[in-house]
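Below, each chain spelled out in residue letters.
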Amino acid sequence: MTNLPGIVITGASGRMGQMLIKTVQESDKARLVGVLERPGHDWIGKDIGECMGGAPMGVAVSDDALELFAHAQAVIDFTAPAATVEFAGLAAQARAVHVIGTTGLSEDDLKKINAAARHATVVRAGNMSLGVNLLVQLTKKVAAALDEDFDIEVIEAHHNKKVDAPSGTALMLGEAAAEGRGVSLDNVSDRGRDGITGARERGHIGFSAIRGGDIVGEHDVLFAAPGERVVLRHIATDRAIFARGALKAALWGQGKAPGEYDMMDVLGL
Ligand SMILES: NC(=O)C1=CN([C@@H]2O[C@H](COP(=O)(O)OP(=O)(O)OC[C@H]3O[C@@H](n4cnc5c(N)ncnc54)[C@H](OP(=O)(O)O)[C@@H]3O)[C@@H](O)[C@H]2O)C=CC1
Ligand SMILES: O=C(O)C1=N[C@H](C(=O)O)C[C@H](O)C1
């Protein structure tokens, strides 16, 4: 039992934080060894199970990231860009596998994470579900098979608390479509259309974001041509799919050489 990899969950009070804690606690392949929240958070020092409204889990919420990471084999981190960049440095120092689900990371954030990955194993993906990672592969294939008569649009919908757009998943799908077409997404991306935009440019890849209610996450990749449309769709109805993927990544990362990996590596897709 004690030989099982010890996992720390950051952002313990968050939507994904709580789902991850439940997933690790219920797993027979890993141990929950720590949960982290910001200094000053109401939950610090209290049992995480009780904070989440259930039975005690015997793990108190801490605000000391380095101390927790030093006693863990993996850190699963679904928080916010500033926190994730900080945790990347600390996880590398502690030589713990860092599984990053946080989205909305800037180019500068990605460079810092990449630097940390010189010393530690990092698995990062904008979506950790099996279904979405399969959809990414399908998108690449369909985009390679269809010519520019097919306009590509990525349409996503999420709950009203989401702070970044387009979603990390939408960007993964856009990248896959661009790769399938043999172009760089930076050169063909259409984001935030508003007002007199002019007609759609041939070959461009458009993004639209819907925000409302408690939508867990929905993504369509639309290929629209004169006379026909192809739609690839993924609908998430339960955050458990992301948590299961993240735990799989944390276990897969044990003993891997330092570097940056993604869910394609983990899932062997
Ligand atoms: N890759 C994937 O498969 C998925 C990725 N996500 C991504 O995960 C992230 C979190 O989503 P979600 O759980 O819905 O968001 P929440 O807002 O519910 O949770 C975020 C958590 O991170 C904590 N946090 C934020 N900033 C800091 C900081 N600087 N230091 C310490 N803790 C911090 C928050 O604490 P506080 O409340 O005190 O700010 C909160 O507990 C988002 O980027 C989202 O897009 C979500 C689902 C799946
Ligand atoms: O914030 C969310 O909720 C989600 N974020 C990820 C994203 O940005 O794609 C993954 C999932 O869609 C849920």
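Residues numbered from 1 in each chain as written. Chains lettered and ligands numbered in written order. Predicted model: local features only at pLDDT ≥ 70, side-chain atom pairs only at ≥ 80, totals over all residues. Heavy atoms only, no water.

## Describing the packing of aromatic side chains
How we decide: The rule is short: rings of Phe, Tyr and Trp, with Trp giving its six-membered ring, pair when the centres are within 6.5 Å, and they are stacked under 30 degrees, edge-to-face over 60, tilted in between. Secondary structure elements are defined from DSSP: runs of H or I of at least 4 residues count as helices, runs of E of at least 2 residues count as strands, and each element is numbered from the N terminus. Summary of the burial criterion: residues with accessible area below 20% of their type's maximum are buried, those above 50% are exposed, and those between are partly exposed, where the area comes from a 1.4 Å probe applied to protein chains only. By the criterion adopted, a ring carries a charge over it if an Arg CZ or a Lys NZ lies within 6 Å of its centre and within 35 degrees of its normal.
Within this structure, the stated rule accounts for two aromatic pairs. With a centroid separation of 5.8 Å and 75° between ring planes, the pair formed by Phe 69 and Phe 87 is classed as edge-to-face. Of this pair, Phe 69 sits in helix H3 (residues 65-70) while Phe 87 sits in helix H4 (residues 81-94); the two residues are 18 residues apart in sequence, bridging distant segments of the chain. Look at Phe 87 and you get buried, because its relative accessible area is 9%. Ring centres of Trp 252 and Tyr 261 lie 5.1 Å apart, and the angle between their planes is 75°; this geometry places the pair in the edge-to-face category. The ring of Trp 252 is capped by Lys 256, whose NZ or CZ atom sits 4.5 Å from the centre of that ring.

## Considering the packing of helix H6 (residues 130-145) against helix H7 (residues 168-181)
Our working rule: To obtain each axis, a line is fitted to C-alpha atoms, and for helices this fit is confined to the stretch in contact; angles are then taken between N-to-C directions over 0 to 180 degrees. Any angle from 65 to 115 degrees is called roughly perpendicular, while one under 35 is roughly parallel, one over 145 is roughly antiparallel, and all others are oblique. Whether a crossing is left-handed or right-handed is set by the direction in which the near helix is turned from the far one by less than a right angle, anticlockwise for left-handed and clockwise for right-handed. Residues count as neighbours in contact if any of their non-hydrogen atoms are within 4.5 Å of one another.
Put simply, H6 and H7 touch, their axes get as near as 7 Å, and they point 30° apart. Classified by the interaxial angle, the pair formed by H6 and H7 is roughly parallel. The chirality of how H6 crosses H7 is right-handed. Each of Val 132, Asn 133, Leu 135, Val 136, Thr 139, Lys 140, Ala 143 and Ala 144 in H6 lies in contact with H7, whose residues at this interface are Thr 169, Met 172, Leu 173, Ala 176, Ala 177, Glu 179, Gly 180 and Arg 181.

## Digging into the UniProt feature "domain: Dihydrodipicolinate reductase C-terminal" (unreviewed entry) in the protein chain
Which entries qualify depends on this criterion: UniProt positions are given in the numbering used here, feature names are shortened, and annotations may be inferred rather than shown by experiment.
The sites that UniProt annotates as "domain: Dihydrodipicolinate reductase C-terminal" (unreviewed entry) are residues 131-267. Annotated as 37% helix and 28% strand, the span residues 131-267 places its first and last C-alpha atoms 11 Å apart.

## Thoughts on the pairing of strand S1 (residues 6-9)
Side chains on a regular strand alternate between the two faces of the sheet. Basically, it comes down to this: Think of it like this: strands point away, you trace from the first strand over the helix to the second, and a clockwise trace means the crossover is right-handed. DSSP-based pairing: two strands are paired if at least 2 bridges between them are found.
Residues Gly 6 and Val 8 of S1 are buried on one face, and the alternating residues Ile 7 and Ile 9, pointing to the opposite face, are buried as well. Between S1 and its parallel partner strand S2 (residues 31-36), the chain crosses via helix H1 (residues 15-26), and the hand of that crossover is right-handed. When S1 meets strand S4 (residues 74-77), the two strands line up parallel, connected through three bridges. Residue pairing in the sheet places Ile 7 in a bridge with Ala 74 of S4.

## Considering H6
Keep this limit in mind: Here a helix's expected span is defined as the number of its residues, less one, multiplied by 1.5 Å. Working note: the arc is built from the helix axis to C-beta atom directions.
Taking 1.5 Å per residue as the helical rise, H6 with its 16 residues ought to reach 22 Å, and the 23 Å between its terminal C-alpha atoms agrees with that figure. Within H6, the full set of buried residues consists of Val 132, Asn 133, Leu 135, Val 136, Thr 139 and Ala 143. The arc that holds every buried residue of H6, seen down its axis, measures 150°, which confines them to one face. Turned more than 90 degrees away from the buried face of H6, the exposed residues are Leu 130, Lys 141, Ala 144 and Ala 145. Against the buried residues of H6 lie strand S7 (151-158), H7, strand S10 (217-225), strand S11 (228-236) and helix H10 (263-267).

## Quick notes on the sheet that holds S11
The strand order S8-S9-S7-S10-S11 describes an open sheet built from five strands, whose pairing is mixed. If you trace the sheet from one side to the other, it starts and ends with strand S8 (189-191) and S11, each paired once. Adjacent strand axes in the sheet meet at a mean angle of 20°, parallel and antiparallel pairs treated alike.

## Let's talk about H4
The terminal C-alpha atoms of H4 lie 20 Å apart, and with 14 residues this matches the ideal 20 Å at 1.5 Å per residue to within 8%. Where H4 is buried, its residues meet S2, H3, S4, strand S5 (97-100) and helix H5 (107-116). One or two steps after H4, the chain reaches Arg 95, where phi turns positive at roughly 60°.

## A few points about the site of ligand 2
Operational definition: Here a residue is near a molecule or strand as soon as one of its heavy atoms is found within 4 Å of it. Exposure was quantified through the Shrake-Rupley algorithm and a 1.4 Å probe, taking into account, for residues, occlusion by the shown protein chains and nothing else. Reported domain spans reflect what an automatic or database domain assignment gives.
For ligand 2, the full set of nearby residues is Thr 103, Gly 126, Asn 127, His 158, His 159, Lys 162, Ser 167, Gly 168, Thr 169, Val 216, His 219 and Phe 242. About the coverage of ligand 2: the protein hides 84% of its 330 Å² of free accessible area. Residue-level mapping places the shell around ligand 2 at the junction of two domains, with at least three residues from each of domain 1 (6-128 + 239-267) and domain 2 (130-236).

## So, the sheet that holds strand S3 (residues 61-62)
Reading across the sheet, the seven strands line up as S3-S2-S1-S4-S5-S6-S12 and stay open at both edges, with parallel pairing between neighbours. The open sheet terminates on both sides in strands that have one partner only, identified here as S3 and strand S12 (259-261). In terms of strand pairing, S5 meets strand S6 (residues 121-124) through three bridges, oriented parallel. Residue pairing for S6: Ile 100 is matched across the bridge by Arg 124. Along the sheet, H4 contacts S2, S4 and S5; its crossing angle with S5, the most-contacted strand, is approximately 165°.

## Focus: the domain arrangement of the protein chain
Let me state the cut-off plainly: Once two parts are put together, the accessible area they lose, assessed with a 1.4 Å probe and summed over both, is termed the buried area. Any carboxyl oxygen of Asp or Glu within 4 Å of a side-chain nitrogen of Lys or Arg constitutes a salt bridge here. Polar contacts, as used here, are pairs of N or O atoms within 3.5 Å; protein pairs need one atom able to donate a hydrogen and one able to accept it. Residues neighboring in sequence count only if both atoms are side-chain atoms.
According to the domain assignment, the protein chain consists of domain 1 (6-128 + 239-267) and domain 2 (130-236). With centres defined by C-alpha atoms, the gap from domain 1 to domain 2 works out at 28 Å. Counting each side, the surface lost to burial between domain 1 and domain 2 is near 1100 Å², with a carbon and sulfur contribution of 60%. Considering only the side of domain 1, the residues that lose the most area to domain 2 are Asn 127, Arg 239 and Met 264, jointly responsible for 43% of the buried surface there. At the surface where domain 1 touches domain 2, the tally comes to zero salt bridges. At the junction of domain 1 and domain 2, the tally comes to three residue pairs in polar contact (both at pLDDT 80 or more).

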